[in-house]
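As a plain string of letters, each chain reads:
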Amino acid sequence: MNQKDEMLRIGVVTTTHGIRGEVKVFPTTDDVSRFKKTDEVILVTRTGNLTLHVERARFFKNIVILKFKEFDDINQVEGFRKCDLMVTRENALPLAEGQYYLCDVIGCRVIDDEENKEIGTVTDVIETGANNVFEIRTETGKEVLFPVIPECILKVDTEKKEVIAHVMKGLMELN
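All values reported here derive from a predicted model rather than from experimental measurement.

Peer 1: Teacher, can you tell me more about the sheet that holds strand β8 (residues 118-127) here?
Peer 2: Think of a sheet as strands paired side by side through backbone hydrogen bonds, with each pair either parallel or antiparallel. Taken in spatial order, the 6 strands of this open sheet run β10-β9-β8-β7-β12-β11, and their pairing is mixed. Each edge of the open sheet is held by one strand with a lone partner, namely β10 (143-147) and β11 (153-157). For this sheet the average axis-to-axis angle between neighbouring strands, irrespective of direction, equals 35°. Of the pairings in the sheet, the one linking β11 to strand β12 (residues 162-165) comprises 4 bridges and is antiparallel in character. If you follow K155 over to β12, its bridge partner there is I164.

Peer 1: What's the story with the nonpolar core in this structure? I'm lost.
Peer 2: Note on soluble globular proteins: their nonpolar side chains tend to be buried together. One finds V25, F35, V41, L66, F68 and L85 to be the most contacted residues of the largest nonpolar core, which totals 21 residues. Elements with a minimum of two residues in this core: β1 (7-17), β2 (22-27), β3 (40-45), β4 (48-60), β5 (63-68) and β6 (84-88). Excluding anything up to four places from it in sequence, V25 contacts G11, V12, V13, T14, F35, I63, V64, L66 and L85. Grouped together as the second largest cluster of nonpolar side chains are 16 residues, I136, F146, V156 and L171 included.

Peer 1: Would you take a moment to explain the environment of T158 for this structure?
Peer 2: Looking at where T158 falls in the secondary structure, it is placed in the loop between β11 and β12. Expressed as a C-alpha distance, the spacing of T158 and H53, which sit 105 residues apart in the sequence, is 30 Å. Sequence-distant contacts of T158, that is, excluding residues within four places in its chain, are made with Y100, D104 and V105.

The rules behind these values
- Residues numbered from 1 in each chain as written.
- Predicted model: local features only at pLDDT ≥ 70, side-chain atom pairs only at ≥ 80, totals over all residues.
- Heavy atoms only, no water.
- Pairing = 2+ DSSP bridges.
- Helix = DSSP H or I, 4+ residues; strand = E, 2+ residues; numbered from the N terminus.
- Axes fitted to C-alpha atoms, helices over the stretch in contact; angles between N-to-C directions.
- Core = buried A, V, L, I, M, F, W, Y, C linked by side-chain atoms within 4.5 Å.
- Buried < 20%, exposed > 50% of the residue type's maximum accessible area, 1.4 Å probe, protein only.
- Contact = heavy atoms within 4.5 Å.

The following block contains the structure:
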């Protein structure tokens with residue numbers, strides 16, 4: 001596993017907030033309350049990673065306003081726009097039964113539940129408003145999209161790197 005796989009993105013800095021070193025963060029996590037529970041984050045900047053400590057987290061509409069212990073001035077945080085906020089796996093929130101991190105699905109083999117044969121490999125997870133979509137590259141190189149709904153994705157086993165899917169009628173022809 002490389003260093004990138006050891007970190008999970010929880011947000012993206014959008015802009016500064018006020019003059020005391022706060023930043024606005026667009027959350028990319030399902031549980032925004034995690035910002036209140038997180039002490040340490042990694043800010044991925046163009047010049048390298050910075051380990052920062054969350055002093056305070058506030059919520060405004062769909063944005064999180066964060067104050068880091070390391071910064072007290074707007075000038076210190078202005079260069080962080082569009083930088084990813086990450087946590088290490090050890091600082092990630094624990095997963096409930098049946099849950100998985102989206103990044104762990106990429107590279108999983110997709111198996112047809114009826115024919116028990118490999119359809120392809122998950123190459124991306126597209127996050128839509130309604131449900132996620134697995135982008136799958138078949139053995140012939142064709143890209144197909146499977147909605148992550150109970151009728152289609154039956155089981156995700158990131159330990160085995162395997163997804164069991166029901167190929168809904170017409171799904172392979174749609175893509």
